[in-house]
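# Descriptive structure summary
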Amino acid sequence: MRVLVVLAHPLGDSLNAHLADTAIAALAARGAEIDRLDLYAEDFAPALTADERSRYYSTPQPEPAIVALQARLAAADALVLVFPTWWFSLPAILKGWFDRVWSPGLAFAQGTPIKPLLTNLRSCLVLTTLGSPWWIDRLVMRRPVRRVLKTALLGACAPKARFHMLSLYAAESVNADTVARHRQRIVEAAAKL
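Throughout what follows, the structure given in this document is the object of discussion.

Conventions used here
- Residues numbered from 1 in each chain as written.
- Predicted model: local features only at pLDDT ≥ 70, side-chain atom pairs only at ≥ 80, totals over all residues.
- Heavy atoms only, no water.
- Helix = DSSP H or I, 4+ residues; strand = E, 2+ residues; numbered from the N terminus.
- Rg over C-alpha atoms; globule rule 2.2 N^0.38 Å.
- Buried < 20%, exposed > 50% of the residue type's maximum accessible area, 1.4 Å probe, protein only.
- Core = buried A, V, L, I, M, F, W, Y, C linked by side-chain atoms within 4.5 Å.
- Contact = heavy atoms within 4.5 Å.
- Expected span 1.5 Å × (residues − 1).
- Arc of directions from axis to C-beta.
- Phe/Tyr/Trp six-rings, centres within 6.5 Å; stacked < 30°, edge-to-face > 60°.
- Salt bridge = Lys/Arg side-chain N within 4 Å of Asp/Glu carboxyl O.

## Quick notes on the overall build of the chain
Check the secondary structure of the chain and you find 7 helices and 7 strands. The order of α-helices and β-strands along the chain, N terminus first, is β-α-β-α-α-β-α-β-β-β-α-α-β-α. In summary, the chain has a C-alpha radius of gyration of 16 Å against a globular reference of 16 Å for 193 residues, a match within 12%. Projected onto the principal axes, the alpha-carbon positions of the chain cover approximately 50 × 40 × 30 Å. For the chain, the residues scored as buried account for 46% of the 193 residues in total.

Okay, here's the thing in structure tokens:
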């Protein structure tokens, strides 16, 4: 199994980076081939350019750097997304990765409804941290990040992919025991990919 692990946190020693390392170690122990994509370390430019948008539905391919990222996604059987939830949304760099990489011809074919093209993806594991407590995300905000990822993105582009999301709430004040328990949940989730 080939797994694309996408990390979207600006700090290389962040809790998110450590959680990504936990997932990678668990997957590698199972014999998975890991492709780690650290969007900040690779200096990914998230903004969709005017030129890209004007050619969005036409035949010309995106710039070579985007084509290379698309090849990495196309080669994956499973996707692991690791990021902080900021303001109940994805970090801009991860949103930009979806905007620029998950384009027509690779992720979907334009139409009504759109036709999913990421049929190679069999599963997606989302690992996110939030500063807020669980009840704000689930009861007040109604899990907006989960809805966008599961329904809008994977639902439209890879509807057969199994989806699992692990959220670490109140992450800015967690203790070592809580992190250890969460890391064990990641190991268990990785075993099911």
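## Focus on the nonpolar core
By size, the foremost hydrophobic cluster in this structure holds 38 residues, and its most contacted members are Leu 81, Leu 94, Trp 97, Trp 102, Leu 121 and Leu 149. Sorting the residues of this core by element identifies strand E1 (2–7), helix H3 (64–74), strand E3 (78–84), helix H4 (92–101), strand E6 (123–129), helix H6 (144–157) and strand E7 (162–168) as the ones contributing at least two each. The greatest single-element share of this core, amounting to 6 residues, is contributed by H6. Excluding residues that lie within four positions of it along the chain, Trp 102 makes contacts with Tyr 56, Leu 73, Leu 79, Trp 97, Ala 107, Phe 108, Leu 118, Leu 121, Leu 153, Leu 154 and Cys 157. Of all hydrophobic cores here, the second largest spans 21 residues; its members include Val 5, Leu 27, Leu 125 and Ala 189.

## Notes on helix H7 (residues 176–191)
The terminal C-alpha atoms of H7 lie 23 Å apart, and with 16 residues this matches the ideal 22 Å at 1.5 Å per residue to within 8%. Burial in H7 covers these residues: Val 179, His 182, Ile 186, Ala 189 and Ala 190. In a view along the axis of H7, the buried residues occupy a sector of 95°, so they form one face of it. For H7, exposure combined with an orientation more than 90 degrees from the buried face picks out Asp 177 and Arg 181. Elements in contact with the buried residues of H7: helix H1 (15–29), E6 and E7.

## Some remarks on the packing of aromatic side chains
Taken as a whole and assessed by the stated rule, the structure comprises 4 aromatic pairs. Here Trp 97 and Trp 102 contribute two aromatic rings whose centre-to-centre distance is 6.0 Å and whose plane-to-plane angle is 70°, an arrangement assigned as edge-to-face. Take Trp 97: its relative accessible area is 0%, and that puts it in the buried class. With a centroid separation of 5.0 Å and an interplanar angle of 70°, the aromatic rings of Phe 98 and Trp 102 are classed as edge-to-face. Through a chain of ring-to-ring contacts, the aromatic side chains of Trp 97, Phe 98 and Trp 102 assemble into a single cluster.

## Details of unusual backbone geometry
Of note, the amide linkage connecting Thr 112 to Pro 113 takes the cis form, showing an omega dihedral of -5°. With respect to the helices and strands, Pro 113 occurs in the loop between strand E4 (108–109) and strand E5 (115–116). One non-glycine residue with positive phi stands out, namely Asp 43, at about 55°. Inspection of the secondary structure puts Asp 43 in the loop between strand E2 (33–38) and helix H2 (50–54). In this structure Asp 43 comes out as exposed when scored by relative accessible area, which is 65%.

## With respect to the pattern of salt bridges
Tallying each qualifying case throughout the model produces 9 salt bridges. With a closest N to O distance of 3.3 Å, Glu 42 and Arg 72 form a salt bridge. Here Arg 72 lies in helix H3 and Glu 42 lies in the loop between E2 and H2, a separation of 30 residues in the sequence. Assessed through its relative accessible area of 42%, Glu 42 is described here as partly exposed. Notably, a salt bridge pairs Arg 100 with Glu 63, separated by 3.3 Å at the nearest N-O pair. One end of the pair, Arg 100, is in helix H4; the other, Glu 63, is in the loop between H2 and H3, with 37 residues separating them in the sequence.

Scope: geometric values only; no functional claims are made or implied.
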